[in-house]
Amino acid sequence: MELKKSILFKIIDYNCEFRTLNESDINQDYVSGLKEQKIYIENIPIHVSISSQKKYINNIIYSKGDTICGLFINNELVGTAGVQSSTSYSQYIEIPAEYVASIGIFLFNKGYRGMGLGKTLVWSATYLCHNSIQADWFGAGMAIENIPSLQSFLSCGFRQIYEDEENCIVLLNYPELTKPEIIQDKTVSLIH
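Worth saying up front: this structure is predicted, and the values here are computed from it rather than measured. The residue count restarts for each chain, going from 1 along the sequence in the order it is written. Given that the model is predicted, a residue must reach a pLDDT of at least 70 before its local features are reported, and side-chain atom pairs must reach 80 or more before they are shown or counted; all residues, however, enter totals for whole chains, interfaces and linings. Side-chain numbers here rest on the full set of heavy atoms in the structure, without hydrogens or water.

(A) Layout of the sheet that holds strand S9 (residues 189-191). Strands sit in the order S7-S8-S6-S5-S4-S3-S2-S1-S9 across an open sheet of nine strands; the sheet is mixed. A strand with exactly one partner marks an edge of an open sheet, and here the two such strands are strand S7 (159-163) and S9. Each adjacent strand pair in this sheet contributes to an overall mean axis angle of 25 degrees, direction not counted. As judged from the four bridges shared by S7 and strand S8 (residues 167-173), these two strands associate in the antiparallel manner. Looking across to S8, one finds that arginine 159 is bridged to leucine 171. Two strands qualify as a pair provided DSSP detects at least 2 bridges between them. Elements are defined by DSSP. Helices are runs of H or I of four residues or more, strands are runs of E of two residues or more, and each kind is numbered from the N terminus. In this description, a line fitted to the C-alpha atoms serves as the axis of each element, helices being fitted only across the stretch in contact, and the angle between N-to-C directions of two axes falls anywhere from 0 to 180 degrees.

(B) View of unusual backbone geometry. Backbone geometry at isoleucine 12 places phi at a positive 55 degrees, although glycine is not the residue there. Take isoleucine 12: it is sitting in the loop between strand S1 (6-11) and strand S2 (14-20). Relative accessibility decides the category of a residue: with a 1.4 Å probe and only protein chains considered, values under 20% of the type maximum give buried, values over 50% give exposed, and everything between is partly exposed. Residue classification places isoleucine 12 among the exposed positions, given a relative accessible area of 51%.

(C) Broad picture of the pairing of S2. The pairing of S1 with S2 spans five bridges and is classified as antiparallel. The residue of S2 that forms the bridge with isoleucine 11 is tyrosine 14. Relative to strand S3 (residues 66-73), S2 runs antiparallel, the two being bridged by five bridges. In the strand pairing of S3, phenylalanine 18 is matched with leucine 71.

Here it is, written out as structure tokens:
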């Protein structure tokens, strides 16, 4: 689904925007990043191309329960966050499953790694979905060895609720969301 709102904010001296992706945002850097990250992202097809990803993004935009947003720094796409309604968390919380949004993050531009953009993606996806579709519960699952992803979620207020040898699950009720310090308070604007 296409979210009708977006977020504008600043990190250091960078102008940032977080909004629904569209097919014109897909470029070779994005596709190359997907190919490199197959170890952590389960649903990447064997053959990834710009045209296949444009089709994939278009399908998400026209779906009812899924969305994918991009983090743009100075108008350059550097990462994405996919959000979908999920029933996989209903065993951990006692609310109707349709109120839980599952988040997956992907920071593909290596030049921006180490700045805290993983937690920026987590915060942005949670904040935007709460303010666009009134989602209150958010969850995420990740491979146990994906420490950067886990830390990104935990630093935004998510609690780890499950762990086994391979995976862990985190969960958040929206009032517990913590904004990363790198996002400048007075610059955050929700745009319609």
